[in-house]
Amino acid sequence: MGWGRPNGAADVGWPTGGGQTGGGQTGAANGDRTVGSEPGSVDTGMGCRMRSAMLVLGIETSCDETGAAVVTEDGHVLSDVVQSQIKIHAPYGGVVPELASRDHMKNVRPVIEGALSRARVTLRDLDGISVTARPGLSGALLVGVQVARGLAWSIGRPLVGVDHLVGHLVAVYLRHPDIAAPAPPHPPFVALLASGGHTAVYRVDGLELSRITELGATRDDAAGEAFDKVAKLLGLGYPGGPIIDQLAREGDPRAIELALPMPRRDSLEFSFSGLKSNVARWVSANGRPGNDQTLRNLCAAFQTRVVDTLVSKAVRAARREKVQELVLAGGVAANRQLRERAAEVGAGHGIRVVVPPFRSCTDNAAMIAYAGAVRLAQGEDDRGRLETHPRTALLRVTRKGRGRR
Amino acid sequence: MTVLAYPLATRRDTKRLAGQLARVLAGGDLVVLDGPLGSGKTFLTRALCRALGLGQAIPVTSPTFTLLHELETVPRVAHADLYRLRDAVDVRALGLDAQRDEGRLLVVEWGSPYVTVLGGDALIVELVMEPARAARIHATGNRSGSVLAELAAASGVG
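Residues numbered from 1 in each chain as written. Chains lettered and ligands numbered in written order. Predicted model: local features only at pLDDT ≥ 70, side-chain atom pairs only at ≥ 80, totals over all residues. Heavy atoms only, no water.

## What about the overall build of chain B?
Rules: The secondary structure listing takes helices from DSSP runs of H or I that are at least 4 residues long and strands from runs of E that are at least 2 residues long, numbered from the N terminus. Partly exposed describes any residue whose relative accessible area lies between the buried limit of under 20% and the exposed limit of over 50%, with all areas from a 1.4 Å probe on protein chains only and scaled to the type maximum. The method behind every accessible area is Shrake-Rupley, applied with a 1.4 Å probe, and residues are considered shielded solely by the protein chains displayed. The positive count covers Lys and Arg only, the negative count covers Asp and Glu only, and His and the chain ends enter neither. Charge positions are represented by NZ for Lys, CZ for Arg, CG for Asp and CD for Glu.
Across its full length, chain B holds five helices and seven strands. When the helices and strands of chain B are listed from N to C terminus, the series reads β-α-β-α-β-β-α-α-β-β-β-α. Residues classed as buried in chain B amount to 58% of the 158 residues present. Accessible surface, chain B: about 6,400 Å² in total, of which carbon and sulfur atoms supply 52%. Across chain B, 17 positive and 16 negative side-chain charges occur, with their mean positions spaced 8 Å apart.

Shown next, in the form of structure tokens:
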């Protein structure tokens, strides 16, 4: 309990001292991403900031990475620090997760200090704190939640917990100073979230949890997981997505027959495990292809099946919900073929496909800060009653009606 | 060492095996699922959860990225996946043995190198794809040994 909580007044201004000089040279912040300028504030040139919007610190420890970010209530990202991206290439071909609390505990303070110093703010400048409270492993989530509780208590500002998946769905509204972003969508819209851990399609009527409904999700593997595991089956490196995307570019998707996952057109659920098994079967029957045209054809066949499934169901959802915009979210949204195919099929139905920049798609704390800013702007405060949960809070729509997962 | 062998030519065969497992397993038991990518570890877990009373509407998805899922079965199943983990230190950090102490039936994909860290006494289900899909089941302790004996008696397989 004690480790996440500042010990009295001396710690209240904790990042201030290091913040002016630290510049993120903290031990764990070696692989971080950052931005320097401050679109959410006006620099008077005299070191004095005229604040134009509420400032929120977001803390993310739900999964493999520790992250912290400072974001304005209108989505301008002042800093966005993740302790590392692709950090350790494990022998099996994948990123080793930051397990439970151990690594998050080690990283969380330097990452928060880095986020504050890069945003050139101190704790006292914050209007509130947002933290990922679900879904995830309780040990990992608790690190962020305890630190957030301690910081909110120390500065006397509100604290809100957010759902990591809601963060992904609102990330399209983030504005990085150095990266072009598409015009923001207007709710209601449909969003396809496809990452290593999650694959689902949502209807978004507003940016609050209560106004987002799941229309369908994967029944087995996530799309990103399928890419990584197929890359592993084919003896390719990690992460699997970009490698398969590259190889598929020069392959013929029709050269090798692989069954299409969940072809039932009326279902909005996904399944990628069978496709993965089909690739495994193909490899055991034909041998693992060398670095040749067969490998490129197999990658093209696999990727085309995944992309066609994602796109056809997402566009089907958008048409069924009668919305004009489809947002792609999650790390798989970086896939070139997915972007192209979604834009093409969407355009055919008068649907605008909105693809956020890559750094907004992958796991980050800026989206957590922004999802929290939405709640804070409505005067919400979870102090004294913030709990972690292993599962998402997003409501699911089933044929039988609405119900919790 | 007794090894039970079940041919799993169809999904129905896997579901039948899951049903038999559901009848002999209890809270606190450890089931380790082994076998190559695509051999059906998650499918068998899903079938086991359905046999333990989980509604069809609740998805049983791969925990590869999320590491651990808890399912509202009777007894509760803790479904873990160690595919991404590096060594026993990481496995220990997940605290899965505590899941058994709390009465959950612990089902672990890619868990065979870590049976000791998982609390030992495992029913090990090896899923093979060649020459044909099958499950080979053996036990590493007293409790899992009696589960195996019950399974053999119930299914007449040996």
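On we go from here.
## Structural notes on the domain arrangement of chain A
Residue and element names in this part refer to chain A. Note the threshold: Note that the domain bounds were set by an automatic or database domain assignment. In this description, contact between two residues means that some pair of their heavy atoms is separated by no more than 4.5 Å. When two parts are brought into contact, each loses some accessible area as probed by a 1.4 Å sphere; the total of that loss over both is the buried area. Salt bridge, as applied in this entry: a Lys or Arg side-chain nitrogen positioned within 4 Å of an Asp or Glu carboxyl oxygen. Under the rule applied, a polar contact is a pair of N or O atoms within 3.5 Å (in protein, one hydrogen donor and one hydrogen acceptor; residues adjacent in sequence only if both atoms are side-chain atoms). In this classification, the charged set is Asp, Glu, Lys and Arg, the nonpolar set is Ala, Val, Leu, Ile, Met, Phe, Trp, Tyr, Cys and Pro, and all remaining amino acids, among them Gly, are polar.
We note that the domain assignment places domain 1 (10–179 + 362–377) and domain 2 (189–355) within chain A. Taken together, the contact between domain 1 and domain 2 spans 19 residues of the former and 17 residues of the latter. Its largest share of buried area at the contact with domain 2, domain 1 owes to Leu165, His168 and Leu169, together 34% of the area lost on that side. Our enumeration of links across domain 1 and domain 2 arrives at zero salt bridges. Where domain 1 meets domain 2, there are zero residue pairs in polar contact (both at pLDDT 80 or more). Looking at the side of domain 1 that touches domain 2, the elements that each hand over two or more residues are α4 (164–170) and α11 (366–377). Looking at which element gives the most residues to the side of domain 1 that touches domain 2, the answer is α4, with five residues. Here the residues of the side of domain 1 that touches domain 2 sort into 13 nonpolar, five polar and one charged.

## Some points on the pattern of salt bridges
All names here are of chain A. Within the structure shown, the criterion is met by 24 salt bridges over all chains. A salt bridge links arginine 320 to glutamate 321; the nearest nitrogen and oxygen atoms lie 3.3 Å apart. On the basis of relative accessible area, arginine 320 is assigned to the partly exposed category, the value being 45%. Linking arginine 341 and glutamate 344 is a salt bridge whose minimum nitrogen-to-oxygen distance equals 2.9 Å. Of the two residues, arginine 341 and glutamate 344 are both situated in helix α9 (residues 336–348); the distance of three residues between them amounts to about one turn of the helix.

## As for the nonpolar core
Residue and element names in this part refer to chain A. What counts here: Put simply, buried Ala, Val, Leu, Ile, Met, Phe, Trp, Tyr and Cys residues joined by side-chain atoms within 4.5 Å make one nonpolar core.
The biggest cluster of nonpolar side chains holds 55 residues, and the ones touching the most others in it are Leu234, Phe302, Leu310 and Leu328. Looking at this core, the elements that each hand over two or more residues are β8 (189–194), α5 (223–233), α6 (240–248), α7 (273–286), α8 (293–320), β11 (325–329) and α9. With 14 residues, the single largest contributor to this core is α8. Not counting chain neighbours up to four residues away, the residues in contact with leucine 234 comprise Val279, Val283, Arg288, Pro289, Leu295, Leu298 and Cys299. Counting residues in hydrophobic clusters, the runner-up holds 38 residues, among them Val166, Ala171, Tyr173 and Ala369.

## So, the interface of chain B and chain A
Tallying the contact residues gives 29 residues for chain B and 32 residues for chain A. Interface of chain B and chain A: buried area, both sides summed, is about 2,600 Å²; carbon and sulfur atoms make up 60% of it. Sorting the residues of chain B by area buried against chain A places Leu37(B), Phe65(B) and Arg84(B) first, and these three jointly supply 27% of that buried surface. Here chain B is connected to chain A by zero salt bridges.

## Quick look at the environment of Asp205(A)
All names here are of chain A. Along the polypeptide, aspartate 205 turns up in the loop between β9 (199–204) and β10 (212–217). The class of aspartate 205 is partly exposed, set by a relative accessible area of 27%. Between the C-alpha atom of aspartate 205 and that of valine 332, which follows or precedes it by 127 residues, the distance is 23 Å. Contact partners of aspartate 205, with chain neighbours within four places excluded, come to Pro187, Pro188 and Arg211.

## Considering the sheet that holds strand β6 (residues 122–128) of chain B
Residue and element names in this part refer to chain B. Quick reminder of the rule: Two strands pair if DSSP finds at least two bridges between them. Between the N-to-C directions of two axes lies an angle of 0 to 180 degrees, each axis being a line fitted to C-alpha atoms and, for a helix, fitted only over the stretch in contact.
What the seven strands build is an open sheet, ordered β1-β7-β6-β2-β5-β4-β3; its pairing is mixed. Every other strand in the sheet has two partners, leaving β1 (4–7) and β3 (68–71) as the edge strands with one partner each. Averaged over all pairs of adjacent strands, the angle between their axes in this sheet comes to 20 degrees, without regard to strand direction. As paired elements, strand β2 (residues 30–34) and β6 share five bridges and run parallel to each other. By the bridge assignment, valine 31 is partnered in β6 with leucine 123. Where helix α1 (residues 11–24) meets the sheet, it contacts β1, β6 and β7 (134–139), and its direction lies at approximately 145 degrees from that of β1. Contacts between helix α5 (residues 142–155) and the sheet are confined to β1, β6 and β7, with β7 contributing the most and set at about 135 degrees to the helix.

## Description of the side chain of Ser130(A)
Residue and element names in this part refer to chain A. Topologically, serine 130 is positioned in strand β6 (residues 128–134). Overall, the relative accessible area of 0% leaves serine 130 in the buried class. For serine 130, the side chain forms a polar contact with the main-chain oxygen of isoleucine 368, separated by 2.8 Å. Aside from chain neighbours lying at most four places away, what touches serine 130 is Val56, Leu57, Gly58, Ile59, Val160, Val162, Ile368, Ala369 and Gly372.

## Thoughts on the packing of α5(A) against α6(A)
Working note: a packed helix pair is described by the angle between its axes plus the distance between those axes. Residues and elements named next belong to chain A. Rules: With respect to orientation, any angle under 35 degrees is reported as roughly parallel, any angle over 145 as roughly antiparallel, any angle of 65 to 115 as roughly perpendicular, and every other angle as oblique. Each helix crossing is assigned a hand: it is left-handed if the near helix lies turned anticlockwise from the far helix by less than a right angle, otherwise right-handed if that turn is clockwise.
Between α5 and α6, the least distance of the axes is 8 Å, while the angle of their chain directions is 70 degrees. Judged by the angle between their axes, α5 and α6 are roughly perpendicular. Crossing handedness for the pair α5 and α6: left-handed. Across the interface between the two elements, Phe227, Asp228, Val230 and Ala231 from α5 touch Gly240, Gly241 and Ile244 from α6. A class-by-class count of the residues in the contact of α5 with α6 yields four nonpolar, two polar and one charged.

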